[in-house]
Amino acid sequence: MDCIFCKILKKEIPSKTVYEDELCMAFEDINPQTPVHILVIPKKHISTALDMSEADRELIGHLVLVASRIAREKNIAESGYRIVLNTNRDAGQTVFHIHLHLLGGRVMSWPPG
Ligand code: 5GP
Ligand code: ZN
């Protein structure tokens, strides 16, 4: 399958990995939008949030816990951070392997642009 994040998981494309376990991997976004911008992805290829099933319930919870743990490690937990899961066109999803954006390190506006 021609998926850029599956290639990152297989180390065919290099990435600045910040965390890895049997279920997921976290690495720095190549085009950071905030001082801390890390992507947390499952090792299982799932195209969009719409393709998750009941069987993925624990997996998505794990991704959120990992993102928050990294937020603590990067010292953005107290100041605040955002976890984003873009889905399909209007949200700006460009890579169709689900990923949580962990964003922080500066004040962010709301609502998003
Ligand atoms: P989306 O727009 O799908 O929610 O987010 C995709 C993200 O993946 C973007 O923030 C983009 O910068 C990042 N990205 C795309 N290709 C690569 C890559 O090859 N390496 C890394 N580290 N990030 C990537
Ligand atoms: Zn993939």
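Each remark here, short or long, concerns the structure printed above.
As a starting point, this report considers the structure included with it. (Residues numbered from 1 in each chain as written. Chains lettered and ligands numbered in written order. Predicted model: local features only at pLDDT ≥ 70, side-chain atom pairs only at ≥ 80, totals over all residues. Heavy atoms only, no water.)

### Some thoughts on a nonpolar patch on the surface
A cluster of nonpolar side chains, Val-64, Tyr-81 and Ile-83, forms an exposed patch at the surface whose accessible area comes to about 210 Å². Topologically, Ile-83 is positioned in strand 4 (residues 81-84). Looking at Ile-83, the relative accessible area reads 32%, which means it is partly exposed. (Patch = residues over 30% accessible without salt bridge, like charges linked within 9 Å, V, L, I, M, F, W, Y side chains within 5 Å. Areas by Shrake-Rupley, 256 points an atom, 1.4 Å probe, with all protein chains shown as cover. Salt bridge = Lys/Arg side-chain N within 4 Å of Asp/Glu carboxyl O. Helix = DSSP H or I, 4+ residues; strand = E, 2+ residues; numbered from the N terminus. Buried < 20%, exposed > 50% of the residue type's maximum accessible area, 1.4 Å probe, protein only.)

### Overview of the coordination of the zinc ion (ligand 2)
Ideal values for angles at a metal depend on the geometry: 109.5 degrees with four tetrahedral donors, 90 or 180 degrees with six octahedral donors. The protein atoms donating to the zinc ion (ligand 2) are Cys-3 (SG), Cys-6 (SG), His-45 (ND1) and His-97 (ND1), with metal-donor distances spanning 2.0 to 2.3 Å. Bound by 4 donor atoms, the zinc ion (ligand 2) shows angles of 103 to 116° at the metal and therefore tetrahedral coordination geometry. One chain supplies every donor for the zinc ion (ligand 2), spaced along it as C-x2-C-x38-H-x51-H. Here Cys-6 is found in helix 1 (residues 4-9), whereas its partner His-97 is found in the loop between helix 3 (88-91) and strand 5 (100-104), with 91 residues between them in sequence. Since its relative accessible area comes to 0%, His-97 is described here as buried. (Donors = N, O, S within 2.8 Å, 3.2 Å for Na, K, Ca; no water. Tetrahedral: all angles 85-135°; square planar, octahedral: opposite > 155°, others 65-115°.)

### Comments concerning the sheet that holds strand 4
Backbone-to-backbone hydrogen bonds pair the strands of a sheet. The strands run either parallel or antiparallel. With antiparallel pairing, the 5 strands of this open sheet are ordered in space as 1-2-3-5-4. Of all the strands in the sheet, just strand 1 (17-20) and strand 4 have a single pairing partner and so form its edges. In this sheet, neighbouring strand axes are inclined to one another by 15° on average, regardless of whether the strands run parallel or antiparallel. Both strand 4 and strand 5 contribute to a ladder of 4 bridges, which runs antiparallel. Residue Tyr-81 lies in a different strand from strand 5, and its bridge partner there is Gly-104. (Pairing = 2+ DSSP bridges. Axes fitted to C-alpha atoms, helices over the stretch in contact; angles between N-to-C directions.)

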